[in-house]
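# Commentary on secondary and tertiary structure
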Amino acid sequence: DGSLLFQQVPMVEIDGMKLVQTRAICNYISTKYNLYGKDLKERTLIDMYVEGMFDLNELLMTYGYQPADKKEQHFANMMEKTENRYFPVFEKVLKDHGKDFLVGNQLSRADVQLLEIILMIEEWKPDMFAKFPLLQRFRARMSNIPTIKKFLQPGSQRKPPSDEDVVDKVMKIFY
Amino acid sequence: MSGKPRLTYLNGRGRMESIRWLLAAAGVEFEEVYLETKEQYDKLIKDGFLLFQQVPLVEIDGMKMVQTRAIMSYIAGKYNLHGKDLKERALIDMYVEGISDLMQMILMFPFSPPDAKEKNLESIKERATNRYFPVFEKVLKQHGQDFLVGNKFSWADVQLIEAILAVEEKVPDVLSGFPQLQVFKTKMSNMPTIKKFLQPGSPRKPPPDAHYVETVLKVFKK
């Protein structure tokens, strides 16, 4: 029917547009709802952080689709990157400025994305956070923001971790 | 410090080439530092230059910027190549992201194992011909304007001309079914800043060869 510009999902219908491409969609929502910093320099910092997080998210997202003989190595790699490449950056950002939010002392998409990743990692390796006290405090603070708190409650639109059924469906629909 | 942006990467296309294109299209001169050894790269990391221990790195306006998209979004914003409002920006972002998926296939191609090369080349041709180029052919046909978005030169146009030329290097007749894209290619190639970038002696890098692949594997070896 021509709804998918590049024949792919996600697709979000918003403000009369059929938006595709995850980043384009997130950029639009972030700007519209003032979650993208107050000027170009803040936006750039947010972009750098978010792009790093997208890279990590790619590893986390593809874990369930690894063939059985690659799973263990993939898991080790994603945990290693989380612990040595990504989490130290955000722990340091929070430590250096001592503020509640990653950029510009106000809630932005970078904070939302970081919380999302923290919660996913927690599902797999909760003991990782012993090394990251500021990320622990960040997680607690962010989880109490009313909109986020609501999203974390049962019955919200948040989806559970992908299980074998989801993986099967994906393989069936797209491949 | 000359005040010009300084790019740090290998002496080859990779993930930095799209950034070189965008700066060149915007008429911005830049300096380059080339990574040739693992030691150079390790030193950059040790000295804290690379936020996520990765290149590209672009030093610009007092910032050490990493992450290709963050860098390009900044340059596009700074030089008015990102549309005039949020809706135009959304369109540009969608187009750029789609093209970037195609460019990713081209980026990875030189690193394909020998027995997968033919299949990967076929995939590039198939995706360009059936998924990506038809979209832009249609966009140009529908509005009849020279540029993809808002009747004004933007990041999306730069990304598309780069992609067209990159695919053509591998599939010379790829534009044969796309008359609008042929016209677009000619128009973009004749824009003064782009014309200059396409001439010998510009910062544009040649297609990756065996030496480039070897350097990548050497510098980023674990």
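Residues numbered from 1 in each chain as written. Chains lettered and ligands numbered in written order. Predicted model: local features only at pLDDT ≥ 70, side-chain atom pairs only at ≥ 80, totals over all residues. Heavy atoms only, no water.

For chain B, the name recorded in an unreviewed UniProt entry is glutathione transferase, with Leptocoma aspasia as its organism. Under the UniProt heading Sequence similarities (unreviewed entry), the note attached to chain B is "Belongs to the GST superfamily. Alpha family." (UniProt positions renumbered as here; feature names shortened; annotations may be inferred.)

Taking an unreviewed UniProt entry as the reference, chain A is identified by name as glutathione transferase belonging to Leptocoma aspasia. Recorded in UniProt for chain A, the comment headed Sequence similarities (unreviewed entry) runs: "Belongs to the GST superfamily. Alpha family."

A few words now on the overall build of chain B. When helices and strands are counted, chain B shows nine helices and four strands. Counting from the amino terminus, chain B carries its helices and strands in the arrangement β-α-β-α-β-β-α-α-α-α-α-α-α. For chain B, buried positions account for 50% of its 222 residues. Sequence-distant contacts in chain B: of pairs separated by 6 or more residues, those separated by 24 or more amount to 67%. Put simply, chain B shows about 10,500 Å² of open surface, and 53% of that area lies on carbon and sulfur atoms. In chain B, the 32 positive side-chain charges and the 28 negative ones have mean positions that sit 2 Å from each other. (Helix = DSSP H or I, 4+ residues; strand = E, 2+ residues; numbered from the N terminus. Buried < 20%, exposed > 50% of the residue type's maximum accessible area, 1.4 Å probe, protein only. Contact = heavy atoms within 4.5 Å. Areas by Shrake-Rupley, 256 points an atom, 1.4 Å probe, with all protein chains shown as cover. Lys, Arg positive; Asp, Glu negative; His and termini not counted. Charge placed at Lys NZ, Arg CZ, Asp CG, Glu CD.)

Let's shift gears to the UniProt feature "domain: GST N-terminal" (unreviewed entry) in chain B. Cross-referencing UniProt, the feature "domain: GST N-terminal" (unreviewed entry) maps to residues 3–83 of chain B in the present numbering. Helix makes up 36% of residues 3–83 of chain B and strand 20%, and the two end C-alpha atoms of the span are 26 Å apart.

With that settled, the discussion passes to empty space enclosed by the protein. One pass over the structure, following the stated rule, counts two cavities of 30 Å³ or more. By volume, the largest cavity amounts to about 140 Å³. Together, 16 residues line the largest cavity, and Arg23, Asn27, Asp47 and Glu51 of chain A together with Arg69 of chain B are the ones closest to its centre. Sorting the residues of the lining of the largest cavity by element identifies helix 1 (22–32) and helix 2 (40–62) of chain A together with helix 3 (68–78) and helix 4 (86–108) of chain B as the ones contributing at least two each. Class assignment for the residues of the lining of the largest cavity results in six nonpolar, three polar and seven charged. There is about 30 Å³ of room inside the second largest cavity. Lining the second largest cavity, in full, are Gly83, Lys84, Glu88, Ile92, Val149, Lys152, Phe153 and Ser154 of chain B. Class assignment of the residues belonging to the lining of the second largest cavity gives a composition of three nonpolar, two polar and three charged. (1 Å grid on protein atoms, 1.4 Å probe; cavity = no way out; pocket = protein on both sides within 12 Å on 5 of 7 lines; lining within 4 Å. Points joined across faces, edges and corners; volume = space filled by probe spheres on them. Nonpolar A, V, L, I, M, F, W, Y, C, P; charged D, E, K, R; others polar.)

As annotated by UniProt and renumbered to match this structure, "domain: GST C-terminal" (unreviewed entry) occupies residues 39–162 of chain A. In residues 39–162 of chain A, helix accounts for 69% and strand for 0%; the two terminal C-alpha atoms are 37 Å from one another.

A few words on the domain arrangement of chain B. All names here are of chain B. According to the domain assignment, chain B consists of domain 1 (6–79 + 198–220) and domain 2 (86–190). Every contact between the two is made by 19 residues of domain 1 and, on the other side, 15 residues of domain 2. Of the roughly 1,500 Å² buried between domain 1 and domain 2 on both sides combined, carbon and sulfur atoms contribute 66%. Taken together, domain 1 and domain 2 are joined by three salt bridges. We note a salt bridge from Arg13 to Glu169, for which the minimum N-O separation is 2.9 Å. (Domains from an automatic or database assignment. Buried area = accessible area lost by both parts, 1.4 Å probe. Salt bridge = Lys/Arg side-chain N within 4 Å of Asp/Glu carboxyl O.)

This paragraph deals with the nonpolar core. What tends to happen in soluble globular proteins is that the nonpolar side chains get buried as a cluster. With 122 residues, the main nonpolar core has Phe90 and Leu102 of chain A together with Phe133 of chain B as its most contacted residues. Ranked by residue count, the leading element in this core is helix 6 (residues 155–170) of chain B, at 10 residues. Residues in contact with Leu102 of chain A, not counting those within four places in the same chain, are Tyr49, Met53, Phe90, Val93, Leu94, His97, Ala110, Asp111 and Leu114 of chain A. (Core = buried A, V, L, I, M, F, W, Y, C linked by side-chain atoms within 4.5 Å.)

Residue and element names in this part refer to chain B. Close contact between helix 5 (residues 117–143) and helix 6 brings their axes to 11 Å; oriented N to C, the two are set at 145 degrees. Taken as a pair, helix 5 and helix 6 cross one another with a handedness that is left-handed. Where helix 5 abuts helix 6, its residues Leu121, Ile124, Ala128, Phe133 and Phe136 lie against Leu160, Ala163, Ile164, Val167 and Lys170. For the contact of helix 5 with helix 6, the residue count by class is nine nonpolar, no polar and one charged. (Axes fitted to C-alpha atoms, helices over the stretch in contact; angles between N-to-C directions. Left-handed = near helix turned anticlockwise from the far one by under 90°.)

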